[in-house]
Amino acid sequence: QRAEIIFHLADLLTDHRDEILAANRKDMEEAEEKGRLAPPLLKRLSLSTAKLNSLAIGLRQIAASSQDSVGRVIRRTRIAKELELEQVTVPIGVLLVIFESRPDCLPQVSALAIASGNGLLLKGGKEASNSNQTLYRLTQEALSIHGVKDAIQLVNTREEVEDLCRLNKLIDLIIPRGSSELVRDIQKAAKGIPVMGHSEGICHVYVDNEASVEKVTRIVRDSKCEYPAACNAMETLLIHRDVLRTPLFDQIIDMLRVEQVKIHAGPKFASYLTFSPSEVKSLRTEYGDLECCIEVVDGVEDAIEHIHKYGSSHTDVIVTENATAEYFLQHVDSACVFWNASSRFSDGYRFGL
């Protein structure tokens, strides 16, 4: 039944595409008129046919795997004769998920909650209210095929969130999805309810002195330019000093210029140049746009030190053809550490989760 609901929701996203996009256009127009949203947030607010199509595909995958989400025996241990211990997956209970800007978050999170048998309270940003209302109505329509329309609720005002954060007997877990400021605010407001927060996405790509020319520009382009507003986009490009003043370095800079990426120079990089881009105010900046910082490092250990000092333990990448990669993979303390892969690969959907 849970799978049927999610499959139905995926179909509704496709069937009502025009209605969803019309509601989203209204949000986009209002946001542009008020001018309060930064360009990266505007990009996250925007929905497209391609986004809805990939959302529907993702939902069908969640539906297909939902049979195993609840009641699956993860581990069975015989402790003694005729005494067995089983570890079994169960729902958490009631989730409160607060998200900013991205209306596509609503069907994604709803599908995950349905698949895992959890009740869900959703709070989206007011900048996406038209899109969220339309998507929520479709979610309720999907839930009603098995008479559980009220399993997911949409919360509208800011005050309600603060009130909800006090309901520790009713809510089991709060998941804020948005800026680090939002996460901090929710952690402060939550009274006795666990908060599964995250930090910013200050992701690095380190180009080693033995990097493949063919791979570097493709990895850097995808990491920075494919969707710069995402938290898994590259914010700082670290370059081995031996790569400076080589054709490879020129190719990287040319590619970033063609893609209209604004470059900021780290202090070491600035010292190498007679005429340089503006020097960064901070090496710990999440641009979320077609901007990035370039800094020079002396080698893999220097790169790791920089990542630990200025990164956010999200996703960090090394581009190299030698065994230095193994050292990097073992020593960088981030959720995702990649060798010759774009930082954008850091995504539950891409990982098949």
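Calculation notes
Residues numbered from 1 in each chain as written. Predicted model: local features only at pLDDT ≥ 70, side-chain atom pairs only at ≥ 80, totals over all residues. Heavy atoms only, no water. Phe/Tyr/Trp six-rings, centres within 6.5 Å; stacked < 30°, edge-to-face > 60°. Helix = DSSP H or I, 4+ residues; strand = E, 2+ residues; numbered from the N terminus. Buried < 20%, exposed > 50% of the residue type's maximum accessible area, 1.4 Å probe, protein only. Pairing = 2+ DSSP bridges. Axes fitted to C-alpha atoms, helices over the stretch in contact; angles between N-to-C directions. Contact = heavy atoms within 4.5 Å. Core = buried A, V, L, I, M, F, W, Y, C linked by side-chain atoms within 4.5 Å. Parallel < 35°, antiparallel > 145°, perpendicular 65-115°, else oblique. Nonpolar A, V, L, I, M, F, W, Y, C, P; charged D, E, K, R; others polar. Salt bridge = Lys/Arg side-chain N within 4 Å of Asp/Glu carboxyl O. Polar contact = N/O pair within 3.5 Å; in protein donor to acceptor, adjacent residues only side chain to side chain.

K.L.:
Lay out the packing of aromatic side chains with the relevant residues and their values.
P.N.:
For the structure shown, the criterion picks out four aromatic pairs. Look at F249 and F269: their rings are 5.9 Å apart centre to centre, the planes differ by 70°, and that puts the pair in the edge-to-face class. Here F249, found in helix α10 (residues 247-258), pairs with F269, found in helix α11 (residues 267-272); they are 20 residues apart in sequence, far enough to count as distant. F249 sits in the buried class, given a relative accessible area of 9%. By the ring-pair criterion, three or more aromatic residues cluster together here, those being F338, F345 and F351.

K.L.:
Which residues make up the sheet that holds strand β11 (residues 315-319), and what values go with them?
P.N.:
Read across the open sheet, the six strands follow the order β9-β10-β8-β7-β11-β12; overall the sheet is parallel. Each end of this open sheet is capped by a strand with a single partner; those strands are β9 (262-265) and β12 (336-339). The sheet shows a mean angle of 20° between the axes of neighbouring strands, taken without regard to direction. In this sheet, β12 lies alongside β11 in parallel orientation, the contact comprising four bridges. Bridge assignment links T315 to a residue of β12, and that residue is C336. Docked against the sheet, α10 engages β7 (203-207), β8 (234-240), β9 and β10 (291-297), running at close to 160° with respect to β8.

K.L.:
Any chance you could break down the nonpolar core for me, citing the residues and the numbers?
P.N.:
Counting 36 residues, the largest nonpolar core has I6, L59, L120 and L122 as the members making the most contacts within it. Of all the elements, helix α5 (residues 105-115) adds the most residues to this core, at seven residues. Here L59 is in contact with I6, L9, A10, L13, P107, Q108 and A111, once residues within four sequence places are set aside.

K.L.:
Summarise the packing of helix α4 (residues 49-65) against α5; cite the residues concerned and give the values.
P.N.:
Put simply, α4 and α5 touch, their axes get as near as 10 Å, and they point 5° apart. On the basis of their axis angle, the class for α4 and α5 is roughly parallel. Counting all contacts with α4, which are made through L55, L59 and I62, the residues of α5 involved are P107, Q108, A111, L112 and A115. For the contact of α4 with α5, the residue count by class is seven nonpolar, one polar and no charged.

K.L.:
Before we move on, could you go through α5 and cite the residues and values that matter?
P.N.:
Here α5 lies mainly inside the structure; nine of its eleven residues are buried. Those residues of α5 that fall on the buried side of the exposure criterion are C105, L106, P107, V109, S110, A111, A113, I114 and A115.

K.L.:
Before we move on, could you go through the pattern of salt bridges and cite the residues and values that matter?
P.N.:
For the structure shown, the criterion picks out 14 salt bridges. With its nearest N and O atoms 3.6 Å apart, the salt bridge here joins R241 to D298. Taken as a pair, R241 in the loop between β8 and α10 and D298 in the loop between β10 and α12 (300-310) lie far apart in primary sequence, 57 residues in all. Assessed through its relative accessible area of 45%, D298 is described here as partly exposed.

K.L.:
Please set out the environment of S116 residue by residue, giving values where relevant.
P.N.:
Mapped onto the secondary structure, S116 falls in the loop between α5 and β4 (119-124). Filtering out sequence-adjacent residues up to four positions away, S116 remains in contact with S69, V70 and P91. Among the polar contacts listed, one links the side chain of S116 to the backbone oxygen of L112, at a separation of 2.7 Å.

K.L.:
Got a sec to walk through the environment of C293? Specific residues and values, please.
P.N.:
Its place among the elements puts C293 in strand β10. Take C293: its relative accessible area is 1%, and that puts it in the buried class. Note: C-alpha distance between C293 and A265 (28 residues apart in sequence) is 5.7 Å. Once you skip the residues sitting within four places of it in the chain, C293 turns out to touch E235, T236, L237, H264, G266, V280, L283 and Y287.

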